[in-house]
Amino acid sequence: MTPTRQITTLRAAAVIGSTIIGVGILSFPRYMAAAGGSSAPLVAFSGVVISIVCFWPLAALCRRFPRESLFVFSRRLIGKPLSFIFALLILLIFVLLTGLTARQFGDVATTVLFKKTPIEATVFLMLLLCQLSSRRNIVKFTYIHFFYLPLIIAPVLLITLISMRNMDLLNLQPILVMPSAAFWKGAVKASFLFQSSFIIVLLVPLMQKPKQAVRAGILAIAVSGIIYLLIVVAAIGLFGSEETKLLIYPTLESARSAAVGEGFLERLDAIFIVLWVISVYTTLYSTYYLASCLLQHVFAFRDQRMSSTLILPLTFIVASLPANVFKTYTWSLALGLASMIILAVYLCLLWSMYLLRRPGKRGAA
């Protein structure tokens with residue numbers, strides 16, 4: 001007999017980690033340098049801390065309802081109409097996020113890899129791959145992430161550490177500065193990259209130990225946060241904060257500077273870009289899968305296979321809307337801020353009603 005709860009804590013952490021590490025890894029140092037100058041690593045670190053603070057109330061609430069997803073138990077807490085409205089809003093967020101992430105992938109792919117391929121073809125093929133993958137159930141979904149995560153983390157860490165051999169420590173000074181408004185604005189922007197940790201709401205009902213949902217999420221955010229932090233340190237150490245601000249993809253430039261031996265491995269950027277494509281796929285797969293499950297929940301479909309097909313044209317239209325790469329980044333940042341506010345309001349409502357209606361309080365009354 002197949003056990004009902006098949007997702008281990010480590011596999012849940014792997015899903016969250018491979019979801020977080022994605023398309024933003026190429027341009028992340030530029031935003032951190034613009035926000036904090038030489039203290040960009042400190043801005044990135046603050047963003048990781050903000051992400052953990054935002055993740056904890058979500059996972060802590062989900063583990064209190066270990067047999068249900070967030071969208072099921074929210075009906076009892078805040079009522080069906082309000083729960084339906086928030087489900088629609090979150091569905092919209094993840095459809096937009098999937099479309100804009102696919103567009104960012106298309107922009108980079110047509111600039112670096114497929115220069116003669118229309119961007120629409122690149123974006124559509126990636127979305128189609130996610131659609132076909134999303135027809136699998138949630139357990140197979142976690143297996144795919146668990147398989148790809150080591151292939152993403154190990155080489156990226158290795159290439160980043162090799163590139164750090166050439167950096168000048170003077171470029172990182174002074175790293176400790178008085179935090180300004182721009183500093184905190186950059187930290188909040190950094191936390192947007194970790195919002196896809198919301199995928200935990202689908203994992204908890206199938207986790208072998210739902211009470212460890214918080215631990216799995218914090219482990220994933222910490223590991224991916226260390227990778228982002230090292231990437232920022234490498235870029236600032238190599239180019240300095242002022243030059244990093246001018247580079248569209250500073251992480252890719254860092255990888256180009258990495259080499260092993262004389263004439264042995266001098267084009268590590270080629271390996272890096274292949275790994276980046278895999279990391280974009282795992283990120284898009286998660287946001288696409290989440291959007292499909294939300295659409296299934298909203299319209300009461302039998303499973304997510306039908307909804308995954310309906311999501312495809314919606315995400316492709318969203319990906320086609322931005323006029324250029326700068327518009328894409330502007331819209332992505334606006335979406336990150338809007339989703340942070342909506343999720344904060346949603347969680348505040350759920351926690352308030354949970355504390356008012358929890359069984360212990362009712363029994364004491």
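For the structure, check the block above.
Heads up: these notes are all about the structure in this document. Keep in mind the model is a prediction, meaning the values are calculated, not measured.

1. Quick look at the overall build of the chain
Line of reasoning, step 1. Scanning the chain for helices and strands turns up 15 helices and zero strands.
Line of reasoning, step 2. Its C-alpha atoms give the chain a radius of gyration of 21 Å, near enough to 21 Å, the size a compact globule of 365 residues would have.
Line of reasoning, step 3. Along the longest, intermediate and shortest principal axes, the C-alpha atoms of the chain span 70 × 45 × 45 Å.
Line of reasoning, step 4. Counting all 365 residues of the chain, 54% fall into the buried class.
Line of reasoning, step 5. When contacts within the chain are restricted to residue pairs at least 6 apart in sequence, long-range pairs at least 24 apart make up 83% of them.
Line of reasoning, step 6. Here the chain displays about 16,500 Å² of accessible surface, and carbon together with sulfur accounts for 69% of that area.
Line of reasoning, step 7. Across the chain, the mean location of the 31 positive side-chain charges is 23 Å away from that of the 11 negative side-chain charges.

2. Here's the deal with the nonpolar core
Line of reasoning, step 1. Judged by nonpolar contacts, the single largest core of 123 residues is most densely connected at Leu70, Phe198, Ile200 and Val201.
Line of reasoning, step 2. When residues in this core are grouped by element, the largest group, 17 residues, is from helix 12 (residues 268-299).

3. What to know about the environment of tyrosine 249
Line of reasoning, step 1. Counting through the fold element by element, tyrosine 249 comes out in the loop between helix 10 (213-246) and helix 11 (250-257).
Line of reasoning, step 2. Placed 89 residues apart in sequence, tyrosine 249 and alanine 338 show a C-alpha to C-alpha distance of 25 Å.

4. Re the environment of alanine 181
Line of reasoning, step 1. With respect to the helices and strands, the residue alanine 181 is situated in helix 8 (residues 181-192).
Line of reasoning, step 2. For alanine 181 and serine 191, which are ten residues apart along the polypeptide, the C-alpha to C-alpha distance reads 16 Å.

5. Considerations on a nonpolar patch on the surface
Line of reasoning, step 1. Residues Leu82, Phe84, Ile85, Leu88 and Leu89 make up a contiguous nonpolar surface patch of about 380 Å² in total accessible area.
Line of reasoning, step 2. Looking at where leucine 82 falls in the secondary structure, it is placed in helix 5 (residues 80-113).

6. What to know about the pattern of salt bridges
Line of reasoning, step 1. By the definition in use, this model includes four salt bridges.
Line of reasoning, step 2. In this structure, the salt-bridge partner of arginine 76 is glutamate 68, at a minimum N-O distance of 2.7 Å.
Line of reasoning, step 3. Accessibility expressed as a relative area gives 46% for arginine 76, which makes it partly exposed.
Line of reasoning, step 4. For arginine 305, the salt bridge identified is with aspartate 303, shortest N-O distance 2.8 Å.
Line of reasoning, step 5. Of the residues examined, arginine 305 reaches a relative accessible area of 40% and is grouped as partly exposed.

7. Some details on the packing of aromatic side chains
The geometry of an aromatic ring pair comes down to the distance between the two centres and the angle between the two planes.
Line of reasoning, step 1. Counting across every chain of the model gives 20 aromatic pairs.
Line of reasoning, step 2. With centroids separated by 6.3 Å and ring planes inclined at 55 degrees, the aromatic side chains of phenylalanine 71 and phenylalanine 198 adopt a geometry described as tilted. Of this pair, phenylalanine 71 sits in helix 4 (residues 70-78) while phenylalanine 198 sits in the loop between helix 8 and helix 9 (200-203); the two residues are 127 residues apart in sequence, bridging distant segments of the chain. With respect to burial, phenylalanine 71 and phenylalanine 198 carry one shared label: buried.
Line of reasoning, step 3. Counting every residue linked through ring pairs, the aromatic cluster contains Phe141, Phe147, Tyr148, Tyr281, Tyr285 and Tyr289.
Line of reasoning, step 4. Over the aromatic face of tyrosine 31 sits the side chain of arginine 30, whose NZ or CZ is 4.9 Å from the ring centroid.
Line of reasoning, step 5. The ring of tyrosine 329 carries arginine 30 above its face, with NZ or CZ at 5.7 Å from the centroid.

8. Quick word on helix 1 (residues 9-20)
Line of reasoning, step 1. Over its twelve residues, helix 1 extends 17 Å from the first C-alpha to the last, a length consistent with the 16 Å expected when each residue adds 1.5 Å.
Line of reasoning, step 2. Across the twelve residues that make up helix 1, a large majority, eleven, are buried.
Line of reasoning, step 3. Within the sequence span of helix 1, burial applies to Thr9, Arg11, Ala12, Ala13, Ala14, Val15, Ile16, Gly17, Ser18, Thr19 and Ile20.

9. Some points on unusual backbone geometry
Line of reasoning, step 1. At alanine 300, a position not held by glycine, the phi torsion is positive, near 55 degrees.
Line of reasoning, step 2. Structurally, alanine 300 is set in the loop between helix 12 and helix 13 (304-320).

10. Structural notes on the side chain of threonine 122
Line of reasoning, step 1. Within the secondary structure, threonine 122 is located in helix 6 (residues 119-133).
Line of reasoning, step 2. Sequence-distant contacts of threonine 122, defined by excluding residues within four places in its chain, comprise Phe105, Gly106, Ala109, Thr110, Phe114 and Thr117.

11. Some details on the packing of helix 5 against helix 6
Line of reasoning, step 1. The contact between helix 5 and helix 6 brings their axes to 9 Å, and the two run at 130 degrees. Between helix 5 and helix 6, the interaxial angle falls into the category oblique. Two packed elements cross with a definite hand, and for helix 5 against helix 6 that hand is right-handed. Counting all contacts with helix 5, which are made through Thr98, Ala102, Arg103, Phe105, Gly106, Asp107, Ala109 and Thr110, the residues of helix 6 involved are Ile119, Thr122, Val123, Met126 and Leu127.

12. A look at the packing of helix 5 against helix 12
Line of reasoning, step 1. Interaxial distance between helix 5 and helix 12 falls to 9 Å at its minimum, and their mutual angle equals 155 degrees. When the axis of helix 5 is compared with that of helix 12, the two are roughly antiparallel. The handedness of the crossing between helix 5 and helix 12 comes out as left-handed.
Line of reasoning, step 2. Tallied by class, residues from the contact of helix 5 with helix 12 come to 24 nonpolar, four polar and no charged.

What counts, and where the lines are drawn
Residues numbered from 1 in each chain as written. Predicted model: local features only at pLDDT ≥ 70, side-chain atom pairs only at ≥ 80, totals over all residues. Heavy atoms only, no water. Helix = DSSP H or I, 4+ residues; strand = E, 2+ residues; numbered from the N terminus. Rg over C-alpha atoms; globule rule 2.2 N^0.38 Å. Buried < 20%, exposed > 50% of the residue type's maximum accessible area, 1.4 Å probe, protein only. Contact = heavy atoms within 4.5 Å. Areas by Shrake-Rupley, 256 points an atom, 1.4 Å probe, with all protein chains shown as cover. Lys, Arg positive; Asp, Glu negative; His and termini not counted. Charge placed at Lys NZ, Arg CZ, Asp CG, Glu CD. Core = buried A, V, L, I, M, F, W, Y, C linked by side-chain atoms within 4.5 Å. Patch = residues over 30% accessible without salt bridge, like charges linked within 9 Å, V, L, I, M, F, W, Y side chains within 5 Å. Salt bridge = Lys/Arg side-chain N within 4 Å of Asp/Glu carboxyl O. Phe/Tyr/Trp six-rings, centres within 6.5 Å; stacked < 30°, edge-to-face > 60°. Lys NZ or Arg CZ within 6 Å of the ring centre and 35° of its normal. Expected span 1.5 Å × (residues − 1). Axes fitted to C-alpha atoms, helices over the stretch in contact; angles between N-to-C directions. Parallel < 35°, antiparallel > 145°, perpendicular 65-115°, else oblique. Left-handed = near helix turned anticlockwise from the far one by under 90°. Nonpolar A, V, L, I, M, F, W, Y, C, P; charged D, E, K, R; others polar.

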